[in-house]
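Each chain, written out:
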Amino acid sequence: VPYTGNSIEFNIDVPKSTASSILTIKDAAGQTVWTEALDPSSRTHSWDGQLQSGAMATSGEIYTFRIDTYDAADVHTGTKLPNVITTVTAISSEE
């Protein structure tokens, strides 16, 4: 997902047995730049561009999102990719 300087909203559907879920965001080099516990009962979440270092993400840089889900016994039950909510602002073609 390219970061534009604005919060990125995303949806996630997790199994009903999910007791906890963890968001991990990585930069283009594969380095983890943000982790956060998500409320598994909430479907919509957002990331404001804040990095673990305290800095803000660089506009135009590409980030990957993944969400790991866990049951009540803290057993990993799967990995989900979120559905990013975005607005198309332009479409062009090259001849």
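The rules behind the values
Residues numbered from 1 in each chain as written. Predicted model: local features only at pLDDT ≥ 70, side-chain atom pairs only at ≥ 80, totals over all residues. Heavy atoms only, no water. Helix = DSSP H or I, 4+ residues; strand = E, 2+ residues; numbered from the N terminus. Contact = heavy atoms within 4.5 Å. Areas by Shrake-Rupley, 256 points an atom, 1.4 Å probe, with all protein chains shown as cover. Lys, Arg positive; Asp, Glu negative; His and termini not counted. Charge placed at Lys NZ, Arg CZ, Asp CG, Glu CD. Salt bridge = Lys/Arg side-chain N within 4 Å of Asp/Glu carboxyl O. Buried < 20%, exposed > 50% of the residue type's maximum accessible area, 1.4 Å probe, protein only. Pairing = 2+ DSSP bridges. Axes fitted to C-alpha atoms, helices over the stretch in contact; angles between N-to-C directions. Core = buried A, V, L, I, M, F, W, Y, C linked by side-chain atoms within 4.5 Å. Phe/Tyr/Trp six-rings, centres within 6.5 Å; stacked < 30°, edge-to-face > 60°.

Participant: Could you clarify how one ought to interpret the overall build of the chain in this entry?
Facilitator: Regarding its fold elements, the chain presents zero helices and seven strands. Taken over the C-alpha atoms alone, the chain extends approximately 55 × 30 × 20 Å along its principal axes. Taking the intrachain contacts of the chain between residues at least 6 apart in sequence as the baseline, contacts between residues at least 24 apart amount to 60%. Here the chain has roughly 6100 Å² of accessible surface; of this, 49% comes from carbon and sulfur atoms. With 5 positive and 12 negative side-chain charges, the chain shows a spacing of 10 Å between the two charge centroids.

Participant: I keep staring at the pattern of salt bridges and nothing clicks. Help me out?
Facilitator: Two side chains that carry opposite charge are able to pair once their charged atoms sit near each other. Taken as a whole, this structure holds two salt bridges when the rule is applied. Across the salt bridge formed by arginine 43 and aspartate 13, the nearest N and O atoms sit 2.7 Å from each other. Linking arginine 43 in the loop between β3 (32–38) and β4 (44–47) with aspartate 13 in the loop between β1 (8–11) and β2 (20–26), this pair joins segments that are 30 residues apart in sequence. The class of aspartate 13 is partly exposed, set by a relative accessible area of 43%. Among the ionic pairs, arginine 66 bridges to aspartate 68, the shortest N-O distance being 3.0 Å. Relative accessible area serves as the criterion here: at 36%, arginine 66 is assigned to the partly exposed category.

Participant: Please clarify how the sheet that holds strand β6 (residues 76–80) should be interpreted in this entry.
Facilitator: Across a sheet, paired strands are connected by hydrogen bonds in the backbone, their directions being either parallel or antiparallel. Pairing in this open sheet of four strands is antiparallel, and the strands run β3-β2-β5-β6 from one edge to the other. Looking along the sheet, the strands with just one partner apiece sit at the ends: β3 and β6. In this sheet, adjacent strand axes meet at a mean angle of 20° when their direction is disregarded. In this structure, β2 lies alongside strand β5 (residues 64–70), joined through seven bridges in antiparallel fashion. Its bridge partner being in β5, isoleucine 25 is matched across the sheet by phenylalanine 65.

Participant: Hey, could you run me through the nonpolar core in this one?
Facilitator: The tendency in soluble globular proteins is for nonpolar side chains to be buried as a group. Counting residues in each nonpolar core, the largest one holds 15 residues, and the members touching the most others are Leu23, Ile25, Trp47, Tyr63 and Phe65. Secondary-structure elements contributing two or more residues to this core are β1, β2, β3 and β5. Leaving out residues up to four positions away in the same chain, tryptophan 47 has contacts with Tyr3, Ser7, Ile8, Phe10, Ile25, Trp34, Ala57, Tyr63 and Phe65.

Participant: How should the packing of aromatic side chains be read in this particular structure?
Facilitator: The relative placement of two aromatic rings is captured by the distance of their centres and the angle of their planes. By the definition in use, this model includes four aromatic pairs. Judged by centre distance (5.6 Å) and plane angle (55°), the rings of tyrosine 3 and tryptophan 47 are tilted. Residue tyrosine 3 is found in the segment before β1, and its partner tryptophan 47 is found in strand β4; the two are separated by 44 residues along the sequence. Comparing tyrosine 3 with tryptophan 47, the two get one shared label, buried. Judged by relative accessible area, which is 1%, tryptophan 47 ranks as buried. Connected via pairs of aromatic rings, a cluster forms that spans Tyr3, Phe10, Trp47, Tyr63 and Phe65.

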